[in-house]
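This is what each chain is made of:
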Amino acid sequence: MTTRRDLNSASVLGEGSDDVGTPILELRAVSRVHGAGAREVRALDTVSLTIGAGEFVAIMGPSGSGKSTLLNLAGGLDVPSSGGVLVEGVSLERLRPKQLAELRRRSVGYVFQDFNLLPGLTAAENVAFPLELDGRGWRPAFSAARSALAECGIADLADRRPEEMSGGQAQRVAIARALVGPRRLLLADEPTGALDSGTGVAVLELLRDRADRGAGVVMVTHESRFAAWADRTVYLRDGRISGATGPSDPETLLTGVSK
Ligand SMILES: Nc1ncnc2c1ncn2[C@@H]1O[C@H](COP(=O)(O)OP(=O)(O)OP(=O)(O)O)[C@@H](O)[C@H]1O
Ligand SMILES: [Mg+2]
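On a predicted model such as this, the values are computed, not experimentally measured, just so you know.

(A) Local environment of the environment of Gly 64. Mapped onto the elements, Gly 64 comes out in the loop between β3 (56-60) and α1 (67-74). A relative accessible area of 69% places Gly 64 in the exposed class. Counting along the chain gives 173 residues from Gly 64 to Arg 237, while the straight-line C-alpha distance between them is 8.3 Å.

Okay, structure coming up:
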């Protein structure tokens, strides 16, 4: 059973608490296989990875190397073919669907590669939605949503619908939705993809800040200059971890290529 967190407590993000260093996310020999026989695709192959509280990890690798697959499994949106995924020590495979949905809403902020905003709802409604689903009243949910939009520098878009926004604006709304509430695990798939470099840096500052306040952050990126904001970079190739480096490694900073 998951326990209900105190949603209003500042210590939810680890501030002043003693849990920095405890795993927020663990992948234990996780594989994900699509299809069978000659059509089998091993999207992820026996990947093990632990992300601690306060840790910001970048995932890099060529197209098709399994980056989105890894994030989907970490966020409980997809189920491994073998191996186990634990979020804050809770094994996802042991949860009933309702409990899994609850854990995803409360503990996991997800920025999708294609944003996944709900059409027809304004930016503020999109951001408030997970909090409302979680039983927060309309007023506090909206107030938290407006703060998250302001934090992302897009307070003025609160009443705009996704179909009335540019790609970069929609991406920032998706980021605000992931940051809203006391999420301990942030998963971001190319969160800087549709942004100019200045706005991209602003998004990295937000993710870095969340990690510094005790969240575990996993970000997929194609750019090594963005990966340099992370504490370490994990490289995927053909569904397997092909290398890992820290941001201070000069070879990583210069080329983004693992050793
Ligand atoms: N539903 C599916 N059915 C079959 N194969 C799939 C499915 N989803 C993903 N794959 C395959 O799994 C592999 C990993 O895909 P994934 O989306 O994780 O790559 P990625 O690293 O995120 O790529 P990109 O950088 O292009 O976003 C790819 O070969 C892909 O074609
Ligand atoms: Mg992808």
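(B) Here's a closer look at the confidence of the model for the protein. Per-residue confidence for the protein gives a mean pLDDT of 87; residues scoring 70 or more make up 86%. Confidence over residues 1-18 falls short of pLDDT 50; this stretch has 27 contacts with residues more than four positions distant or in other chains. Contacts from residues 250-259, a stretch scored under 50 in pLDDT, to residues over four places away or in other chains number 20 contacts.

(C) Layout of the packing of helix α3 (residues 123-133) against helix α5 (residues 167-179). In the contact formed by α3 and α5, the axes pass within 8 Å of each other and the chain directions differ by 25 degrees. As far as their axial angle goes, α5 and α3 are roughly parallel. Taken as a pair, α3 and α5 cross one another with a handedness that is right-handed. Within the contact between the two elements, α3 uses Ala 123, Asn 126, Val 127 and Pro 130 and α5 uses Val 173, Ala 176 and Arg 177. A per-class count over the contact of α3 with α5 returns 5 nonpolar, 1 polar and 1 charged.

(D) The arrangement of the coordination of the magnesium ion (ligand 2) in detail. The magnesium ion (ligand 2) binds to the protein through Ser 68 (OG) and Gln 113 (OE1); the donor distances cover 2.0 to 2.5 Å. One end of the pair, Ser 68, is in helix α1; the other, Gln 113, is in the loop between β6 (108-111) and α3, and 45 residues separate them in sequence.

Analysis parameters
Residues numbered from 1 in each chain as written. Chains lettered and ligands numbered in written order. Predicted model: local features only at pLDDT ≥ 70, side-chain atom pairs only at ≥ 80, totals over all residues. Heavy atoms only, no water. Helix = DSSP H or I, 4+ residues; strand = E, 2+ residues; numbered from the N terminus. Buried < 20%, exposed > 50% of the residue type's maximum accessible area, 1.4 Å probe, protein only. pLDDT = per-residue confidence, 0-100. Contact = heavy atoms within 4.5 Å. Axes fitted to C-alpha atoms, helices over the stretch in contact; angles between N-to-C directions. Parallel < 35°, antiparallel > 145°, perpendicular 65-115°, else oblique. Left-handed = near helix turned anticlockwise from the far one by under 90°. Nonpolar A, V, L, I, M, F, W, Y, C, P; charged D, E, K, R; others polar. Donors = N, O, S within 2.8 Å, 3.2 Å for Na, K, Ca; no water.

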